[in-house]
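Structural overview
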Amino acid sequence: MNNRIAGYLAGIALATMLPIAARAQTAPATARAWSDTSLSSDARAALVVKAMTLDEKIAMLHGTFGSSVRKANPADKRVGAGHVPGVPRLGITDLYETDASLGIANGGSMRPGDVATALPSSLATAASFDPAIAYAGGAMIGAEARAKGFNVLLAGGVNLTRDPWNGRNFEYLGEDVLLSGVLAGESIRGVQSNGIVSTIKHLALNAQESGRYVLDARMPEAALRESDLLAFQIAIERGRPGSVMCGYNKVNGDWDCENDHLLNQVLKRDWGFKGWVMSDWGAVHSTAKAANAGLDQQSGQELDKAIYFGAPLKAAVEAGTVSRARLDDMVARILRTMFAHGVIDTPSPVVPQPIDYAAHGLIAQKAAEAGIVLLKNDRDLLPAARTAKRIVVIGGHADVGVLSGGGSSQVAAVAGTPIRLPMPNGPANLGFIKVTYHGSSPLAAIKARVPDAVVTYLDGKDVAAAADAARAADLVFVFATQWRTEAIDLATLALPDGQDALIETVAAANPRTAVVLETGGAVLMPWLSKVGAVIEAWYPGERGGEAIARVLFGEVDATGRLPLTFPASDRQMPRPDIPGLDKVNEAAARQASKPPTVGATTIDISGGVESFPVDYVEGADAGYRWYSRTEAKPLFPFGYGLSYTRFAYSDLTVTGGIAPRVSFTVTNGGRRAGSDAPQVYASVAGADGVSVQRLVGFERVTLRSGESRRVSVSLDLRLLARYDVTKPGWRIPPGAVPIMVGHNVETPTLNGMLDRLPHRVK
Ligand code: BGC
């Protein structure tokens, strides 16, 4: 008997036992007017709300860890990040929530057999500059979420990269508003094509991990609207996520999850968001304030100091500090979203369904291939010649697998988990986070492509031995890794564990050295001038070994473009040092000296860190816009990436007016097929009159040798505008706007002017 039927029967049984007056309110299952699918989701939700008791409403507004599902019923396999009870007597299913954007995360448990397809990191998807790749990945992980019985996927991470050292950058889509917004929207659309709900997260300015539970991110409203909020706005318009997850931090003095400005005014009023706002796990700090500020549901309540949306919310409603209308709105938002996405009419299966992991693995592999960025390729060292007789592969555990990022997004891959190590110097309370490799061996994939060559592997610990082996080889691949995780930022962008020295020494022994980077974002490359080639493979997911080998040997073109700037030094960015790190470290030292509290019912996830401000002085000019403003020369600019073929741009047409358009021709002038991502930038003056480039259009094109294609992109006027808080609204400053089409933000290839633009923008 499934839940829904059980609920139906329980409803009838209960109704027959109740006195007449109460019975009138219980809406017998046979008279479930909200089952009428011809009604709108809002109308259906309103009917359910009317039939619910106060306690049922309250119960729908706070949720536990997903492990509560298994505790209640050991046979139930749906153990995700969160669970919220439904109303069985009314046929309203529970919410079964699981992380995240990179696959069905199960990393915390690593239960035998509990595996899922691991996509590459979101940064790799962003590097594809391809909305179709983002959609396909979303659709695939959404299908797995549904097959495993979940109906909410905690996906849609879209925080902009403001600091290249942020531990969680790999989970997001880089530093650009348009690229992040479009790709997050497409991924969410894909997830939700499975009749489940996706979140978008973490609203807003959740841009650093150190002290994330307490920090106060500060930025003037106009700058916020033009950057991080616009990325959310574009993604929400495109993807229509059912739920928004508010973040841990404060924005301009108020916690994200009780921030009236962010939740009520921006999200619900200005953007017309009709879904529900759920908190991040442990991000709630109050009852009436949060509810009245727009938070609709408390998630992962075990991590908060109180179950604010349980008994205290009931008391607040009874005392009138939270109105009944607001309570009903909170519940209605959840229900209308469940109806709108089919969560109630076609519930996710209770018993896990079979999954075509082979087909899904191919989707992950395609995403990895599309996102690999060729950063350097002297004298066409790559694609690697299949005639090479002796190849040496060094480091990065390339013999067994590829690295993944840590934290709540961790997937235990179908491909297996050959390495799972405690994090180096990690705090005890983050013991669940492990340095994890997916079982996709680049070495095996390389060997398969050169069956007649002698391919040897060295782990790189003995640098002299690695150099000796390299000296005798025709070709050397050094695999270098940089692990990142949720909850911790990187103290430096330098490669850890002596890998710089290893690369330097190996390249000195043999300049025919290609470096393969598996990193969660930007990394420094002091050895760059010494090596022959570099590819950035990010965290390439569970088919990463195969994807890397296919790019190295040119079976596919190198098509990725950088979705974030690679700095030339650790000091080039707006905040070279991690704000508040001293406070985080002091608190950690204090905690370490305290005996553990036995029998505590709540956990202080802040770790006793005092709140501190983070001033985002660059404002709207995150990433490449900052480099252009400060005239700093990065190691590699945003949008950069080489190809195995050559693309040329010509015949620019720029059409101004209220629906501006930029068209041009892309030609593959090389000898092989390939894919390119031509980028359109506009030069927009900031509040201080200084103009910086903004990405206003991009398109991924795949062309045969000699083929040309006309590309035409329509521009979102908001990207040409500035946000005026006094009016309030979007306004385009007077005058024509310079437009450039280029291979990256630093190389204008075609130039034009956009004129007759409207002043006011909707
Ligand atoms: C993360 C969220 C995640 C949630 C549930 C939090 O720590 O910030 O991204 O969805 O946990 O696992």
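Residues numbered from 1 in each chain as written. Predicted model: local features only at pLDDT ≥ 70, side-chain atom pairs only at ≥ 80, totals over all residues. Heavy atoms only, no water.

Here the focus is the overall build of the protein chain. Assigned secondary structure in the protein chain consists of 21 helices and 32 strands. In terms of overall size, the protein chain behaves like a compact globule, its C-alpha atoms giving a radius of gyration of 26 Å where 762 residues would be expected to give roughly 27 Å. Dimensions of the protein chain, computed from C-alpha atoms along their principal axes, come out at roughly 90 × 60 × 50 Å. Out of the 762 residues belonging to the protein chain, those deemed buried represent 62%. Relative to all contacts within the protein chain whose residues are 6 or more apart in sequence, the contacts with residues 24 or more apart total 76%. When the accessible surface of the protein chain is split by element, carbon and sulfur atoms take 56% of a total near 27,300 Å². Charge-centre separation for the protein chain: the mean point of 76 positive side chains lies 4 Å from the mean point of 75 negative side chains. (Helix = DSSP H or I, 4+ residues; strand = E, 2+ residues; numbered from the N terminus. Rg over C-alpha atoms; globule rule 2.2 N^0.38 Å. Buried < 20%, exposed > 50% of the residue type's maximum accessible area, 1.4 Å probe, protein only. Contact = heavy atoms within 4.5 Å. Areas by Shrake-Rupley, 256 points an atom, 1.4 Å probe, with all protein chains shown as cover. Lys, Arg positive; Asp, Glu negative; His and termini not counted. Charge placed at Lys NZ, Arg CZ, Asp CG, Glu CD.)

Here the domain parsing of the protein chain yields domain 1 (3-340), domain 2 (373-570) and domain 3 (645-761). Centre-to-centre separation of domain 1 and domain 3, based on C-alpha positions: 35 Å. Facing the 18 residues of domain 1 at the interface are 16 residues of domain 3. For the domain 1 face of the interface with domain 3, the top three residues by lost area are F129, L178 and E226, together amounting to 41%. Our count for the domain 1 to domain 3 interface comes out at three salt bridges. The shortest N-O distance in the salt bridge between D130 and R700 comes to 3.5 Å. Joining domain 1 to domain 3, the criterion identifies five residue pairs in polar contact (both at pLDDT 80 or more). Where the side of domain 1 that touches domain 3 is concerned, the elements lending two or more residues are α8 (177-192), α9 (221-226) and α10 (228-239). (Domains from an automatic or database assignment. Buried area = accessible area lost by both parts, 1.4 Å probe. Salt bridge = Lys/Arg side-chain N within 4 Å of Asp/Glu carboxyl O. Polar contact = N/O pair within 3.5 Å; in protein donor to acceptor, adjacent residues only side chain to side chain.)

A few words on the packing of helix α13 (residues 311-319) against helix α14 (residues 324-340). Following both chains from N to C, one finds α13 and α14 inclined at 140°, their axes separated by 9 Å at the closest point. Comparing their axes, α14 and α13 come out oblique. Contacts between α13 and α14 involve L313, V317 and E318 on the former and, on the latter, R324, L327 and M330. Taken together, the residues that form the contact of α13 with α14 break down as four nonpolar, no polar and two charged. (Axes fitted to C-alpha atoms, helices over the stretch in contact; angles between N-to-C directions. Parallel < 35°, antiparallel > 145°, perpendicular 65-115°, else oblique. Nonpolar A, V, L, I, M, F, W, Y, C, P; charged D, E, K, R; others polar.)

Turning to the sheet that holds strand β29 (residues 729-731), a few remarks are in order. Strand order in the open sheet formed by three strands is β28-β29-β32, with antiparallel pairing between adjacent strands. A strand with exactly one partner marks an edge of an open sheet, and here the two such strands are β28 (722-724) and β32 (760-761). As judged from the three bridges shared by β28 and β29, these two strands associate in the antiparallel manner. Looking across to β29, one finds that R722 is bridged to R731. (Pairing = 2+ DSSP bridges.)

If you look at soluble globular proteins, the nonpolar side chains tend to sit buried side by side. Core analysis: the largest hydrophobic core is formed by 132 residues, its most contacted members being I92, L295, F309, L313, L335, L695 and L720. Both domain 1 (3-340) and domain 3 (645-761) contribute no fewer than three residues apiece to this core. Non-local contacts of L313, meaning those with residues more than four positions away in its chain, are made with I58, L61, T287, A291, Y308, V322, L327 and M330. (Core = buried A, V, L, I, M, F, W, Y, C linked by side-chain atoms within 4.5 Å.)

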